[in-house]
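What follows is each chain in one-letter form.
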Amino acid sequence: MNKLDAQRQKEIQQAEELLFAGPQALGFAKGLFQGHFVADWVMPYPRIPSTQQVELDETLKNLRQFLDEHLDAAEIDRKADIPRSVIDGLGRVGVLGLTAPKEYGGRGFSQMANCKILEEVGRRCASTSVFVNAHHSIGIRALLLFGTDEQNQRWLPKLSTGELLGAFALTEKEAGSDAANVQMQARPSEDGSHFVLNGEKRYITNAAIADVLTVMARTPVPGSDKTSVTAFLVTPDMPGFEMLEARMPKMGIRGTATGRFALRNVKVPKENILGPPGKGLKVALTILDFGRTTFGACCTGAAKTCLRLAIDHANTRKQFNKTLGSFHLVQKKIARIAADAYAMEAMTTITAALIDRGLEDYMLETAMLKVFTTERLWECINDVFQIYGGSAYFVDLPLERMMRDARINQIGEGANEVLTSFIALVGMRGPGMEFKEIYDTMVKPTRERGFAKAWTAGKHRLGATVRVPEIPVRSAELRSFANQLGRLIWRFNVAVNRALITYREPILDMQLLQERIANAAMDLFASTCVLSRYDAELQYAQRNGSSSSPDQLAADLFLRQSFRRIRSFLAGLTDNEDKSVLATANSVLSKPSN
Ligand SMILES: Cc1cc2nc3c(=O)[nH]c(=O)nc-3n(C[C@H](O)[C@H](O)[C@H](O)COP(=O)(O)OP(=O)(O)OC[C@H]3O[C@@H](n4cnc5c(N)ncnc54)[C@H](O)[C@@H]3O)c2cc1C
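Quick summary incoming for the structure in this document. (Residues numbered from 1 in each chain as written. Predicted model: local features only at pLDDT ≥ 70, side-chain atom pairs only at ≥ 80, totals over all residues. Heavy atoms only, no water.)

Observations regarding the overall build of the protein chain
Next up, step 1: Each helix and strand in the protein chain was counted, giving 18 helices and 10 strands.
Next up, step 2: For 594 residues, the compact-globule estimate of 2.2 N^0.38 gives 25 Å, and the C-alpha radius of gyration of the protein chain, at 25 Å, lies within 12% of that figure.
Next up, step 3: Looking at the protein chain as a whole, 52% of its 594 residues qualify as buried.
Next up, step 4: Taking contacts inside the protein chain between residues at least 6 apart in sequence as the whole, the part at least 24 apart equals 75%.
Next up, step 5: Of the roughly 27900 Å² that the protein chain leaves accessible, carbon and sulfur atoms contribute 54%.
Next up, step 6: Charge centroids of the protein chain, computed over 73 positive and 66 negative side chains, lie 4 Å from each other. (Helix = DSSP H or I, 4+ residues; strand = E, 2+ residues; numbered from the N terminus. Rg over C-alpha atoms; globule rule 2.2 N^0.38 Å. Buried < 20%, exposed > 50% of the residue type's maximum accessible area, 1.4 Å probe, protein only. Contact = heavy atoms within 4.5 Å. Areas by Shrake-Rupley, 256 points an atom, 1.4 Å probe, with all protein chains shown as cover. Lys, Arg positive; Asp, Glu negative; His and termini not counted. Charge placed at Lys NZ, Arg CZ, Asp CG, Glu CD.)

Below you can see the structure in the form of structure tokens.
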């Protein structure tokens, strides 16, 4: 085995240890990659239980009133600060501890209800929604998921109300997308009572205003010369905590305090270890997974703002003696924003419900949600920007701010390229392992239980390629869409199988192919969520005798456009210019820049 292969094997083994802890129920996304439609996770469209809906409606009412009166997104951007009065107000309304249990001062909301609240914040101000996300979804959540009773008693009540603020510190100069490359060191003291932390973190949201930070640092693995990452709860009053730059000046979400800090011989008591020692990366990835759901909610809110702004302008601005909304090229943009906003909401709701209903492994769905909603939001903002023409460019309208603010979404909490590759590779792992069973038995027929394993694997693979999954919609009007979706899932599965058989191990490095597979999977998931929501709305309308709504037209359009994209991604697997792309890039990259 050469050095590169050995490194690759090590990476795969690390990823497997990190991601696949044990046997779990088949989730929706993993099912897709195996040719199954795991309907129970996505249909019927989830609803918030009526008792919680009452509480949610009340919280939403209070939140809207508070935001109407006190939140000025333009000023937050101009002054590059979220006023403390806004933070305190959000705390009073309950936004800062929504999913924390009531005994810790939180609201005990489900993730679905939490997303509805975050959508409302995201609709108005991206700085505020990123602040809340960093405090709650990746700050407090760290404690909720991994905290001991003692840690929770100590921190959660004040974090839930906003009296204390939280942050999550993973990123360093050498550990950006490559989160496993954390260099911050945590050395145990001789008596084992504490760890001594040294190193620097950068780009940390809330760093300058946080009272407690979840910090990832490298600890020795007992009995070996290896190290692994452990999560620590660090407070800025610990001697040696040095704020290097409290608010790094930046392009967008300027209201958030994004900082750089150093830890210099900071003594952190062992009681402040969060989660199992040495499992900090698992802690980090689990927390980020959860945060990506609220990311989807914030993007949904922002997309709805795009739609409102586009409609307002298209209905009032006249050129060539007509309102802009009468031009087909403007209509095309507005229709697409409506369709995408509908899909983003459906996808967020279903992903949040997966978490609420106890699906253990939802990392594929949350990754898909994050990539899909952030990419669609970027398109939505670009479209509405174009509809506003020159006026969008000036700072008296919110569009240039929205555009600056939205750009971080494709980079933060996992760059979209990294997640895209992750979606394809983790998704293909299931069928890939089955092919491996078959292949290993073919090359070594004497291996123990080889034929039995290969037979089972072969049956699964064959089953998935002959069976078109059935999509159980209740509304007769949607049968045609459901049949088309079933056939596309079947075609997707055939394409994944073909790619695995054709390319085998090298597929791990073929990101252009991975991107098409991931894109097709994301659109299959998005279409499923739209179909589920559309079905529920039609059923509701039938029961109440109401007529068709603009939302149904948007759903219809989304499905048509999404199916077309899926066909095109699958066709691109065999008909593409990848060789030429890579040859050009390599040739350009090998020339020294001048
Ligand atoms: C405003 C802001 C707030 C942030 N808040 C936090 C926070 O609260 N806590 C925290 O820990 N971090 C935070 N971050 C850091 C953020 O998570 C990182 O910026 C992100 O993970 C990317 O890391 P990087 O910037 O080092 O980019 P790099 O890792 O250098 O990547 C640069 C680009 O290279 C490409 N790329 C990288 N790897 C691959 C790959 N394997 N395949 C294909 N393409 C690839 C991607 O296009 C990527 O965008 C924040 C960043 C910003 C800008």
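Focus on the site of the ligand
Next up, step 1: Taken together, 18 residues lie around the ligand, and Phe168, Thr171, Ser177, Tyr203 and Thr205 are the ones closest in.
Next up, step 2: With respect to the ligand, the backbone of leucine 170 contributes an N or O atom lying 2.9 Å from an oxygen atom.
Next up, step 3: In this structure, a nitrogen atom belonging to the ligand sits 2.8 Å away from a side-chain N or O atom of threonine 205.
Next up, step 4: By residue number, the principal contributor to the shell around the ligand is strand S3 (residues 194-205), which donates three residues.
Next up, step 5: Looking at the shell around the ligand residue by residue, the class counts come to 10 nonpolar, six polar and two charged. (Near = heavy atom within 4 Å. Polar contact = N/O pair within 3.5 Å; in protein donor to acceptor, adjacent residues only side chain to side chain. Nonpolar A, V, L, I, M, F, W, Y, C, P; charged D, E, K, R; others polar.)

Notes on the pattern of salt bridges
Next up, step 1: Enumeration over the complete set of coordinates arrives at 32 salt bridges.
Next up, step 2: Aspartate 340 is paired through a salt bridge with arginine 376; the nearest N and O atoms lie 3.1 Å apart. On the criterion of sequence distance, the pair formed by aspartate 340 in helix H10 (residues 328-356) and arginine 376 in helix H11 (residues 363-388) is long-range, its members being 36 residues apart. With respect to burial, aspartate 340 and arginine 376 carry one shared label: buried.
Next up, step 3: Across the salt bridge formed by arginine 560 and aspartate 556, the nearest N and O atoms sit 2.7 Å from each other. Note that arginine 560 and aspartate 556 are positioned in helix H17 (residues 550-572) at a spacing of four residues, about one turn of the helix.
Next up, step 4: Within this structure, Arg64, Asp68, Lys116, Glu119, Glu120, Arg123, Arg124, Lys304, Glu345, Arg533, Glu537 and Asp551 form a network of salt bridges that share partners. (Salt bridge = Lys/Arg side-chain N within 4 Å of Asp/Glu carboxyl O.)

Just geometry here; none of it tells us what the structure is for.
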